[in-house]
Amino acid sequence: MRSYSLIAPAKINLYLEIIGDRPDGYHELSMILQSIGLADQIDVHSISTDSIRVRCNHPQVPTDKSNLAYRAAELMAMQFPQAFAQYGGVEISINKQIPVAAGLAGGSTNAAAVLVGIDLLWKLGLTQSELEELGGTLGSDVPFCVAGGTAIATGRGDQLSPLPSLDNIYIVLGKYRSLEVSTPWAYKTYREQFGDSYIRDSDNLAARANAVHSGAIVKAVVDKNPGEIAQKLHNDLERVVLPVYPQVLELREVFANQEGVLGTMMSGSGPTVFALFESQQEAEQVKLQVKEAIIDEDLELFVTRTITHGIKVVSSV
Ligand code: C5P
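Residues numbered from 1 in each chain as written. Predicted model: local features only at pLDDT ≥ 70, side-chain atom pairs only at ≥ 80, totals over all residues. Heavy atoms only, no water.

(A) Expanded view of helix α4 (residues 128-136). Regarding α4, the residues found buried are L131, E132, L134, G135 and G136. In this structure, the buried residues of α4 make contact with α1 (68-79), α3 (106-121), α5 (142-147) and β6 (159-162). (Buried < 20%, exposed > 50% of the residue type's maximum accessible area, 1.4 Å probe, protein only. Helix = DSSP H or I, 4+ residues; strand = E, 2+ residues; numbered from the N terminus. Contact = heavy atoms within 4.5 Å.)

Structural data, given as structure tokens:
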């Protein structure tokens with residue numbers, strides 16, 4: 001095969017707790033990550049030159065080395081020089097549907113798709129954990145994006161424990177097109193404001209990270225209970241992002257006041273806000289109501305749902 005098309009789903013954070021900092025400058029996290037139906041399509045195909053090329057339909061997405069998908073291909077070429085020499089370069093086409101810089105792991109899921117696509121193109125036969133390990137060197141969310149579904153993520157966000165998949169929750173996402181929140185800024189500001197409460201002792205850190213396994217939200221996920229999950233949503237980064245971005249706070253409040261909304265929260269470092277629903281009909285209805293409540297062309301709203309997979313091959317030629 002010379003070409004693969006892959007679906008690269010976005011994620012939301014059902015839970016994000018910052019429990020400490022790390023010697024590498026990152027944070028120790030305790031999260032629950034969930035794949036959603038909103039997805040990009042990534043086409044990878046072999047080209048005869050020994051170069052890496054990225055194309056994207058979205059003007060805001062860079063096509064040079066600053067794109068994580070480019071760096072994923074470069075990593076594969078470095079790790080597997082013989083295969084790179086044998087099969088030649090790669091062209092990566094990104095059909096972008098996931099909002100950019102949104103807290104939805106759009107860049108990370110594209111990188112995960114490139115790892116999976118090149119593994120197939122070059123017939124490397126890598127295992128899921130080998131792909132996740134490579135992904136971890138590119139970014140904290142990349143390992144989760146490989147297999148997706150529902151998972152607990154600890155450490156930097158790269159230590160994964162799968163949970164039973166949730167396929168029964170509908171979601172409305174709201175994102176202001178022109179609004180971006182820098183993830184490094186959000187974590188740095190959190191450290192400045194709340195670093196005093198970080199756990200510094202390694203035994204206590206491990207115990208706190210493990211506590212999520214027996215926590216109420218994991219029980220709600222295992223019970224596949226959307227109402228309970230929605231009651232237990234949590235994101236520490238809201239404490240620094242909402243005061244600085246009043247639009248995000250307002251959007252969250254508008255969601256919270258609509259009938260049928262089980263719960264609402266910002267995803268990752270934002271600025272996307274999501275709301276959870278029992279049915280697609282309620283989700284569609286609330287999307288319309290939010291559109292009427294906030295009259296702003298800049299606000300994009302999407303109806304989607306929880307899904308049970310990460311990167312998926314849809315065709316090969
Ligand atoms: O790993 P990734 O490149 O996605 O992380 C983006 C930024 O988010 C990092 O540069 C860091 O500032 C912050 N971060 C963190 N702790 C984590 C994950 C991310 O401080 N566990």
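(B) Quick peek at the sheet that holds strand β10 (residues 273-277). Strand order across the open sheet formed by 4 strands is β9-β10-β7-β11, with antiparallel pairing between neighbours. A strand with exactly one partner marks an edge of an open sheet, and here the two such strands are β9 (263-266) and β11 (299-305). Within this sheet the neighbouring strands show an average axis-to-axis angle of 20°, counted without direction. Bridge count for strand β7 (residues 170-176) against β10 is 5 bridges, and the pairing is antiparallel. Along β10, the bridge assignment pairs V172 with A275. Together, β7, β10 and β11 form the strand contacts of helix α12 (residues 280-293), whose direction differs from that of β11 by roughly 175°. (Pairing = 2+ DSSP bridges. Axes fitted to C-alpha atoms, helices over the stretch in contact; angles between N-to-C directions.)

(C) Structural context of the side chain of Q34. Along the chain, Q34 turns up in strand β2 (residues 27-47). Looking at Q34, its side chain comes within polar contact range of the main-chain oxygen of I307, at 3.1 Å. Setting aside chain neighbours within four positions, we find Q34 in contact with A10, K11, I12, L14, F144, G149, T150, L166, T306 and I307. (Polar contact = N/O pair within 3.5 Å; in protein donor to acceptor, adjacent residues only side chain to side chain.)

(D) Layout of the packing of aromatic side chains. Taken as a whole and judged by the stated rule, the model has 4 aromatic pairs. Relative to W122, the ring of F84 has its centre 5.8 Å away and its plane inclined at 40°; by these criteria the two rings are tilted. In this pair, F84 is assigned in helix α2 (residues 81-87) and W122 in the loop between α3 and α4, connecting sequence segments 38 residues apart. Side by side, F84 and W122 carry an identical accessibility label, which is buried. (Phe/Tyr/Trp six-rings, centres within 6.5 Å; stacked < 30°, edge-to-face > 60°.)

(E) Molecular detail of the site of the ligand. Taken together, Y26, H27, L29, G139, S140, R156, T183, P184 and Y187 make up the full set of residues adjacent to the ligand. In the model, a nitrogen atom of the ligand is placed 2.9 Å from a nitrogen or oxygen of the R156 main chain. For the ligand, whose accessible area on its own is 450 Å², the fraction buried by protein is 76%. Judged by the proximity of its atoms to the pocket grid, the ligand belongs to the largest pocket. Elements supplying a minimum of two residues to the shell around the ligand: β2 and α6 (183-194). Broken down by element, the shell around the ligand gets its largest block of residues, 3 residues, from α6. (Near = heavy atom within 4 Å. Areas by Shrake-Rupley, 256 points an atom, 1.4 Å probe, with all protein chains shown as cover. 1 Å grid on protein atoms, 1.4 Å probe; cavity = no way out; pocket = protein on both sides within 12 Å on 5 of 7 lines; lining within 4 Å. Sits in = over half its atoms within 2 Å of the grid points.)

Geometric values such as these leave the question of function open.
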